[in-house]
Amino acid sequence: MTTQGQTVKLLDYRREKASDAIVPKPAVLSSSGWDSIYFELHQQPKFETIEHQHTMHVIAYGVSGSPLGERWLDGKPRREVRSKGGIAIIPKGIAHRCNWNAPAQFMVLAIEPALLFQFGQDLVNCDRIELIPHFMTEQDALIQGIFCALREEIESSKIGGYLLIDSLKTALAIHLLRNYCTTKPKLSSCADGLSKSVLQQVIEYINEHLHQDVKLIELAAIAQMSPYHFLRLFKQSMSVTPHQYILQRRIEKAKCLLQHGELSIAEVAANVGFCVQSHFTRYFKRIVGVTPKQLLQA
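Every chain is numbered independently, its residues counted from 1 as its sequence is written. Where local features are concerned, this predicted model is filtered to residues with pLDDT of at least 70; where side-chain atom pairs are given and counted, the filter is 80 or more; whole-chain, interface and lining totals use all residues. Where side-chain values are given, they derive from all heavy atoms of the structure, hydrogens and water being excluded.

Engineer: Which parts of the structure should I look at to understand the overall build of the protein chain?
Structural biologist: Strands are runs of DSSP state E lasting at least 2 residues, helices are runs of H or I lasting at least 4, and numbering of each runs from the N terminus. A tally of helices and strands in the protein chain yields 10 helices and 14 strands. Note on exposure labels: buried denotes an accessible area under 20% of the residue type's maximum, exposed denotes more than 50%, and partly exposed covers the range between, all computed with a 1.4 Å probe on protein chains only. Among the 298 residues that make up the protein chain, the fraction classed as buried is 48%. Only heavy atoms enter the contact rule, under which two residues are in contact if any of them lie within 4.5 Å. The contacts in the protein chain between residues at least 6 apart in sequence include a share of 71% that link residues at least 24 apart.

Shown next as structure tokens:
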């Protein structure tokens, strides 16, 4: 790929430290092992990127306000007043470059195009799933919340990490399809939730894997539907999300083990999928009303 006789840099966030090729300093934080998405937090001095294209869709999020800067999307330039919380959307394959006229802190989220296809197949014509480029001139409260949650997950990993990331990916994919796609999703109904037989299979799988990180895509595969439809129908059936249900079941099992077993609190915590005992104690008290130790003493 060339532009004006020069090669355009191809940036692939699936590869380790891919962004090092266009920024002065390595990312301060980065994700690892998250299927379909890749996250980075940057603290950079004044800089300008070379022109490049992404192999994934990319969202850039301004953490702190910054003086004016320029951005070029698909050859179109614009000066940006980058207020805190502003987002830019750079679709896959779009020529892109930008500069920052002062030190800047920002986050980047790269998204596999297949993720939008996976969630959009029930909503829009799959051939029409195409993101619209956006300059960093506006804010988006939902995307801001997702970025903050992803950052917190990296900084302090907690119970149910994989399921939480799956839920955030679902919310992000649907939000992008609804608000930043060339073709708007068609409306659909939740009907009456999951069938009794499918719901029973899903619940049995959850109960058998409470000690593991259960992924939304695994549950959706059991129901033989897209993760988006599964999430909606499960909540319709159970009045809670899969993430909330699994957390409740883990605490219920832990309570039973504490009352009727001979395991220590630490062993019970590990048995129901909590890697950190303090996280187990906090969630246990939130749901049961007392700590595991208080339950044993009673």
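Engineer: I would appreciate a short explanation of the nonpolar core in the present structure.
Structural biologist: Proteins that are soluble and globular tend to have nonpolar side chains buried together. Grouped together as the largest cluster of nonpolar side chains are 30 residues, with contacts concentrated most on I59, L150 and L176. Breaking this core down by element, the ones donating at least two residues are β5 (37-44), β8 (57-62), β11 (86-90), β13 (104-111), α1 (113-120), α2 (141-155) and α3 (161-179). Each residue touching L150, except ones within four places of it in the same chain, is listed here: W34, I37, F39, L109, I165 and L168. For our purposes a nonpolar core is just a set of buried Ala, Val, Leu, Ile, Met, Phe, Trp, Tyr and Cys residues, chained together by side-chain atoms within 4.5 Å. By size, the runner-up hydrophobic cluster in this structure holds 22 residues, among which are A88, I90, V108 and F135.

Engineer: I would appreciate a short explanation of unusual backbone geometry in the present structure.
Structural biologist: Leaving glycine aside, a negative phi is the common case for residues, and trans is the common case for peptide bonds. We note that S36 has phi near 80°; this positive angle belongs to a residue other than glycine. Mapped onto the elements of the fold, S36 is located in the loop between β4 (29-30) and β5. Of note, S239 is a non-glycine position whose phi angle comes to about 70°, a positive value. Take S239: its relative accessible area is 61%, and that puts it in the exposed class.

Engineer: Teacher, can you tell me more about the environment of A254 here?
Structural biologist: Note that A254 resides in helix α7 (residues 242-260). Classification of A254 as buried rests on a relative accessible area of 0%. With 13 residues separating them along the chain, A254 and E267 place their C-alpha atoms 9.8 Å apart. When near neighbours in sequence (up to four residues on either side) are disregarded, A254 contacts V268, V272, F280 and F284.

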